[in-house]
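Listed here are the chains, written in short residue letters.
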Amino acid sequence: DDGVADGLIDKLAEQFAGGLEDNGELQSMVDSVMRQLLSKEVLYEPLREISAKYPKWLEENESKISKEDFDRYTKQLQCIKRLCTFYESSSNKFDDVLHLMQEIQSCGQPPDEIIHELAPDLEVGPDGVPVGGAGAKDPLQIFGGMDKSAGCPIQ
């Protein structure tokens, strides 16, 4: 909704211009953004796709990677499956979703082959952070096919 997005941006600008005197309101806005980013509507499908590809990848690559990496990827898959199951249940408590996402992130980046299969145009640096380049597409494409050229879906 245009009004909500504009209002949020206006409030953020006021907070920064005012020296962040009321941190409670800013925290509330940050929480709202995090809730949207971690919502089932944004994350469930990409996580489900990753969890579907992971078992085969683990089986094919167990002998090619260190035991430490194999254990880390296995833990990450278990966490992703738990989060998918959680999204499928009726109790989507934000704190629980946040905790599970932190567990997933603590395992590092999923295998490059899986990421590349889901988002072929996404370039990831050695630190696991998407990088831009000539002709690089928006890294958010992995989350529902969004494209910068299509404009902001909120506006």
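Just so it is clear, the model here is predicted, and its values are computed rather than measured.

(A) Representation of the overall build of the protein chain. On a plain count of helices and strands, the protein chain comes out with 6 helices and 2 strands. Ordered by position from the N terminus, the helices and strands of the protein chain form the series α-α-α-α-α-α-β-β. Within the protein chain, buried positions represent 28% of all 155 residues. Taking as baseline every contact in the protein chain between residues at least 6 positions apart, the subset at least 24 positions apart corresponds to 54%.

(B) View of the packing of aromatic side chains. Evaluated as defined, the whole model comprises 3 aromatic pairs. A centroid spacing of 6.3 Å and a plane angle of 85° characterise the contact between tyrosine 44 and tyrosine 87, whose relative ring orientation is edge-to-face. Residue tyrosine 44 is located in helix H3 (residues 40-61), and its partner tyrosine 87 is located in helix H4 (residues 67-88); the two are separated by 43 residues in the primary sequence. With 6.2 Å between their ring centres and 55° between their planes, tyrosine 54 and tyrosine 73 make a pair best called tilted. Of the two residues, tyrosine 54 sits in helix H3 while tyrosine 73 sits in helix H4, which places them 19 residues apart along the sequence. Aromatic rings pair up to connect Tyr54, Trp57 and Tyr73 into one cluster. The side chain of lysine 40 reaches across the aromatic face of tyrosine 44, ending 5.3 Å from its centre. The lysine or arginine in question, arginine 72, covers the ring of tyrosine 73, its NZ or CZ lying 4.5 Å from the ring centre.

(C) Structural view of the nonpolar core. If you look at the biggest cluster of nonpolar residues, it comprises 24 residues, and the most contacted ones within it are Leu47, Tyr54, Leu58, Ile80, Leu83, Tyr87 and Met101. Looking at this core, the elements with two or more residues in it are H3, H4, helix H5 (94-106) and helix H6 (112-118). No other element matches the 9 residues that H4 contributes to this core. When residues no more than four places from it in sequence are discounted, the contact partners of tyrosine 54 are Tyr73, Gln76, Leu77, Ile80, Pro110, Pro111 and Ile114.

(D) Broad picture of the packing of H3 against H4. One way to put it is that H3 packs onto H4 with a least axis distance of 9 Å and a crossing angle of 140°. Relative to H4, the element H3 is oriented oblique. Every pair of crossing elements has a handedness; the one defined by H3 and H4 is left-handed. Listed contacts from H4 to Lys40, Leu43, Tyr44, Leu47, Arg48, Ile50, Ser51, Tyr54, Pro55, Trp57 and Leu58 of H3 are Phe70, Tyr73, Thr74, Gln76, Leu77, Ile80, Lys81, Leu83, Cys84, Tyr87 and Glu88.

(E) Expanded view of the packing of H4 against H5. Remark: H4 packs on H5, axes separated minimally by 8 Å, with the N-to-C direction vectors making an angle of 160°. As far as their axial angle goes, H5 and H4 are roughly antiparallel. Considering the relative orientation of H4 and H5, their crossing is left-handed. Where H4 abuts H5, its residues Lys75, Gln76, Cys79, Ile80, Arg82, Leu83, Phe86 and Tyr87 lie against Asp96, Val97, Leu100, Met101, Glu103, Ile104 and Ser106. Partitioning the contact of H4 with H5 into residue classes produces 9 nonpolar, 2 polar and 4 charged.

Thresholds applied
Residues numbered from 1 in each chain as written. Predicted model: local features only at pLDDT ≥ 70, side-chain atom pairs only at ≥ 80, totals over all residues. Heavy atoms only, no water. Helix = DSSP H or I, 4+ residues; strand = E, 2+ residues; numbered from the N terminus. Buried < 20%, exposed > 50% of the residue type's maximum accessible area, 1.4 Å probe, protein only. Contact = heavy atoms within 4.5 Å. Phe/Tyr/Trp six-rings, centres within 6.5 Å; stacked < 30°, edge-to-face > 60°. Lys NZ or Arg CZ within 6 Å of the ring centre and 35° of its normal. Core = buried A, V, L, I, M, F, W, Y, C linked by side-chain atoms within 4.5 Å. Axes fitted to C-alpha atoms, helices over the stretch in contact; angles between N-to-C directions. Parallel < 35°, antiparallel > 145°, perpendicular 65-115°, else oblique. Left-handed = near helix turned anticlockwise from the far one by under 90°. Nonpolar A, V, L, I, M, F, W, Y, C, P; charged D, E, K, R; others polar.

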